[in-house]
Amino acid sequence: QVQLVESGGGLVQPGGSLRLSCAAFGFTFSTYRMSWYLQAPGKERELVAGITSAGGSTIYVDSMKGRFTISRDNAKNTVYLQMNSLKPEDTAVYYCNADRRYSDFQVSVYWGQGTQVTVSS
């Protein structure tokens, strides 16, 4: 059974740090690109960061560059998001995403259930 299980969310003060983890089960993790998305209340889900299957390349949304770091451990089937210098506007549900393109017409996509991050004093 395919599962993406996020953990590490919680309440943190502005300027603080959190490390999110996403453990993958039921598919060949090392062949999938992994990403983190966030969804704030009343807004659409948006990309935060992504990492290629072997971990050789990463991308970040501009507002998170320099504060967030995505990494993965293919031996542990886990992707991480280190979040530093957190701001109240980072408050959202954070989702783990796995995707793999098999062809122009066949893409495999999995989502986790989300973990709440709240930045507040």
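Data block above holds the structure.
Keep in mind it's a predicted model, so treat the numbers as computed, not measured.

What counts and what doesn't
Residues numbered from 1 in each chain as written. Predicted model: local features only at pLDDT ≥ 70, side-chain atom pairs only at ≥ 80, totals over all residues. Heavy atoms only, no water. Pairing = 2+ DSSP bridges. Helix = DSSP H or I, 4+ residues; strand = E, 2+ residues; numbered from the N terminus. Axes fitted to C-alpha atoms, helices over the stretch in contact; angles between N-to-C directions. Buried < 20%, exposed > 50% of the residue type's maximum accessible area, 1.4 Å probe, protein only. Contact = heavy atoms within 4.5 Å. Phe/Tyr/Trp six-rings, centres within 6.5 Å; stacked < 30°, edge-to-face > 60°. Lys NZ or Arg CZ within 6 Å of the ring centre and 35° of its normal. Disulfide = S-S within 2.5 Å.

Caption draft 1: Highlighting the sheet that holds strand β8 (residues 78–83). Taken together, the four strands give an open sheet; going across it, the order is β1-β3-β8-β7, and neighbouring strands pair in antiparallel fashion. Every other strand in the sheet has two partners, leaving β1 (3–7) and β7 (68–73) as the edge strands with one partner each. Neighbour-to-neighbour, the strand axes of this sheet turn through a mean angle of 15°, independent of strand direction.

Caption draft 2: Molecular detail of the side chain of S35. In this fold, S35 is placed in strand β4 (residues 33–39). Judged by its relative accessible area of 6%, S35 is buried. Excluding its chain neighbours within four sequence positions, the residues that come into contact with S35 are L47, A49, G50, I70, Y95, C96 and N97.

Caption draft 3: Structural detail: the packing of aromatic side chains. This structure, assessed with the given rule, holds five aromatic pairs. Seen in terms of ring centroids, Y37 and W111 are 4.9 Å apart; in terms of plane orientation they differ by 65°. Their pairing is edge-to-face. One end of the pair, Y37, is in strand β4; the other, W111, is in strand β10 (residues 106–111), with 74 residues separating them in the sequence. Clustering of aromatic rings is evident, with ring pairs tying together F27, Y32 and Y110. The aromatic ring of F29 is capped on one face by R72, whose charged end is 4.4 Å from the ring centroid.

Caption draft 4: Broad picture of the state of the cysteines. For the coordinates displayed, the defined rule picks out one disulfide. The disulfide partner of C22 is C96, and the S-S distance across this bridge is 2.1 Å. With the S-S bond torsion at -85°, the cross-link from C22 to C96 turns out left-handed. Separated by 74 residues along the polypeptide, C22 in strand β3 (residues 18–25) and C96 in strand β9 (residues 92–103) bring together distant segments of the chain. Residue classification places C22 among the buried residues on the basis of a relative accessible area of 0%.

Purely geometric numbers; function is a separate question.
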